[in-house]
Amino acid sequence: MLIYILRRLAIALCVALTVSVVSFSLLHMSGDLAVSIAGPEATAAQVEAVRTQFGLDRPVATQYFEWLGKAVRLDFGNSFYFQGSVMEMIAERLPITFKLGGSALLLAILTAIPLGVLAAIYRDTWLDRAALLVAVVGQAMPSFWFGLTLILVFAVTLHWLPVAGNESWQNFILPAVALGYYAMPAMMRLTRAGMLEVLGSDYIRTARAKGLSKSKVVFKHALRNAVIPVVALAAVELGFMLGGSVVIESVYSMQGLGQLAWDAISRNDYPVVQAVVLIIAMFYIGLTFLADVINALLDPRIRTR
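### Here we look at the overall build of the protein chain
Right, so step 1: Across its full length, the protein chain carries 14 helices and 0 strands.
Right, so step 2: When the helices and strands of the protein chain are listed from N to C terminus, the series reads α-α-α-α-α-α-α-α-α-α-α-α-α-α.
Right, so step 3: Over its C-alpha atoms, taken along the principal directions, the protein chain stretches across nearly 85 × 55 × 30 Å.
Right, so step 4: Within the protein chain, buried positions represent 42% of all 305 residues.
Right, so step 5: Here the contacts in the protein chain between residues at least 6 apart in sequence split such that 74% fall between residues at least 24 apart.
Right, so step 6: About 16,400 Å² of surface is accessible on the protein chain, with carbon and sulfur atoms providing 67% of the total.
Right, so step 7: When the 23 basic and 19 acidic side-chain charges of the protein chain are each reduced to a single mean position, those positions are 19 Å apart.

Structure follows, in structure tokens:
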């Protein structure tokens, strides 16, 4: 198991290094940063002054390693537009994004596992088909369109919930539903597949032969083993949700990390864009590695390696 975890850690570090290179290179390939910072009306002398001020006249490799060295220390410099520390801005916005992602993940789990269990128990019935239909719709429907539909129905028409903002817990309901519904189908199908596999195993047939009640067989014996891969998938889905918050936070005007990224992109604020992309990617890589560790701890086939 230790070799498996070390191998996964090495892969995670390689991916993290690749992401840092890509996030740094994409901005430099988008055009002359000095011209973008100085503005379209700047003179050649002003552009050269900006190039010297921000070190853009040095070799790209030198710029990358200097940026990476500072990024490891969580020093991303100052924002071009907001004129403040990038890390302080991210630290201020990050709790809102985590609150949104955690709420969405909780809703997805509370919906996906019961639906997956019911679909497996009543396989090939109308209930199974209905659960699969809900999963297919959730996978195919764009999250921003679903978010706008929720606003139209529950905020504009019914006036039950606020349209935008992040002042109270009511503000998180609609965006959490919109974000969680996209993650729910994968967990529901995995729960269903795991339950079908477990329900057909020998120890479940033995439990039934002993006269145990159906609920005890399902929830005490079958579900406990079937949800093992779902726990690992939930960690990965949280990473997806942190990335997907860019769209949902923009739809609901929530002042989280996603909204900060959108504002920075629209204003060519390159230090903020680089920092947000790198931090979201690092969270996703870390959560994926955590999922691998959970699999290693819970799966007996990996534990015995």
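### Observations regarding the side chain of Glu249
Right, so step 1: Along the chain, the position of Glu249 falls in helix α11 (residues 228-251).
Right, so step 2: For Glu249, the residues in contact, after removing those within four places along its chain, are Thr97, Leu100, Met254, Gly256, Leu257, Gly258 and Gln259.

### Observations regarding the layout of surface pockets
Right, so step 1: Estimated volume of the largest pocket: approximately 520 Å³.
Right, so step 2: Taken together, 21 residues form the lining of the largest pocket, with Phe54, Trp67, Phe80, Pro271 and Gln274 sitting closest to its centre.
Right, so step 3: The set of elements that each furnish at least two residues to the lining of the largest pocket consists of α1 (2-29), α2 (33-38), α4 (60-72) and α13 (270-298).
Right, so step 4: With 4 residues, α4 is the largest single contributor of residues to the lining of the largest pocket.
Right, so step 5: Within the lining of the largest pocket, the residues separate by chemical class into 11 nonpolar, 6 polar and 4 charged.

### Some details on the nonpolar core
Right, so step 1: With 49 residues, the main nonpolar core has Leu100, Met187, Met195, Met241 and Tyr252 as its most contacted residues.
Right, so step 2: Of all the secondary structure elements, the ones that give two or more residues to this core are α5 (86-121), α6 (126-140), α7 (143-157), α8 (173-199), α9 (202-209), α10 (214-226) and α11.
Right, so step 3: The dominant element in this core, judged by the number of residues it contributes, is α8, at 12 residues.

### Quick look at the pattern of salt bridges
Right, so step 1: Considering all chains together, one arrives at 2 salt bridges under this definition.
Right, so step 2: Ionic pairing is found between Lys70 and Glu66, a salt bridge with its closest N-O pair at 3.6 Å. In this pair, Lys70 and Glu66 are both assigned in helix α4, 4 residues apart and thus about one turn of the helix distant.
Right, so step 3: By relative accessible area, Glu66 is classed as partly exposed at 33%.
Right, so step 4: One salt bridge in this structure joins Asp128 and Arg192, with 2.9 Å as the shortest N-O distance. Taken together, the residues Asp128 in helix α6 and Arg192 in helix α8 connect sequence positions 64 residues apart. Across this residue pair, the class does not change: Asp128 and Arg192 are buried.

### Focus on the environment of Arg129
Right, so step 1: Turning to its location among the elements, Arg129 is positioned in helix α6.
Right, so step 2: The spacing of Arg129 and Ala119 is 10 residues in sequence and 7.7 Å in space, taken between C-alpha atoms.

### With respect to the environment of Glu197
Right, so step 1: In this fold, Glu197 is placed in helix α8.
Right, so step 2: Owing to a relative accessible area of 63%, Glu197 belongs among the exposed residues under this scheme.
Right, so step 3: A sequence separation of 46 residues divides Glu197 from Ile151, and the C-alpha atoms of the two residues are 40 Å apart.

### Considering the packing of aromatic side chains
In this description, a pair of aromatic rings is defined by centroid distance and the angle of the planes.
Right, so step 1: Applying the stated criterion to the full structure yields 7 aromatic pairs.
Right, so step 2: When the centroid spacing of 5.5 Å and the interplanar angle of 65 degrees are considered together, the rings of Phe24 and Tyr64 count as edge-to-face. Taken together, the residues span a long stretch of sequence, with Phe24 in helix α1 and Tyr64 in helix α4 at a distance of 40 residues.
Right, so step 3: Taken together, a centroid distance of 6.3 Å and an interplanar angle of 40 degrees make the contact between Tyr64 and Trp67 tilted. Here Trp67 and Tyr64 lie together in helix α4, a separation of 3 residues that amounts to about one turn. When sorted by exposure, Tyr64 lands in the same class as Trp67, which is buried.
Right, so step 4: Members of the aromatic cluster, each reached through a chain of ring pairs, are Phe24, Tyr64, Phe65 and Trp67.

### Description of the confidence of the model for the protein chain
Right, so step 1: When pLDDT is averaged along the protein chain, the result is 80; 92% of the residues meet or exceed 70.
Right, so step 2: Here helix α14 (residues 300-303) stands out as the element of the protein chain with the lowest mean pLDDT, 55, in contrast to α5, whose mean of 88 is the highest.

### Looking at the packing of α11 against helix α12 (residues 257-266)
The description of two helices packed together rests on the angle between their axes and the distance between the axes.
Right, so step 1: Where α11 contacts α12, the two axes come as close as 7 Å, and the packing angle between them is 85 degrees. Relative to α12, the element α11 is oriented roughly perpendicular. For the pair α11 and α12, contact is made by Ser245, Val246, Glu249 and Ser250 and by Leu257, Gly258, Gln259, Ala261 and Trp262, respectively.
Right, so step 2: A breakdown of the residues in the contact of α11 with α12 according to their chemical character gives 4 nonpolar, 4 polar and 1 charged.

Definitions and cut-offs
Residues numbered from 1 in each chain as written. Predicted model: local features only at pLDDT ≥ 70, side-chain atom pairs only at ≥ 80, totals over all residues. Heavy atoms only, no water. Helix = DSSP H or I, 4+ residues; strand = E, 2+ residues; numbered from the N terminus. Buried < 20%, exposed > 50% of the residue type's maximum accessible area, 1.4 Å probe, protein only. Contact = heavy atoms within 4.5 Å. Areas by Shrake-Rupley, 256 points an atom, 1.4 Å probe, with all protein chains shown as cover. Lys, Arg positive; Asp, Glu negative; His and termini not counted. Charge placed at Lys NZ, Arg CZ, Asp CG, Glu CD. 1 Å grid on protein atoms, 1.4 Å probe; cavity = no way out; pocket = protein on both sides within 12 Å on 5 of 7 lines; lining within 4 Å. Points joined across faces, edges and corners; volume = space filled by probe spheres on them. Nonpolar A, V, L, I, M, F, W, Y, C, P; charged D, E, K, R; others polar. Core = buried A, V, L, I, M, F, W, Y, C linked by side-chain atoms within 4.5 Å. Salt bridge = Lys/Arg side-chain N within 4 Å of Asp/Glu carboxyl O. Phe/Tyr/Trp six-rings, centres within 6.5 Å; stacked < 30°, edge-to-face > 60°. pLDDT = per-residue confidence, 0-100. Axes fitted to C-alpha atoms, helices over the stretch in contact; angles between N-to-C directions. Parallel < 35°, antiparallel > 145°, perpendicular 65-115°, else oblique.

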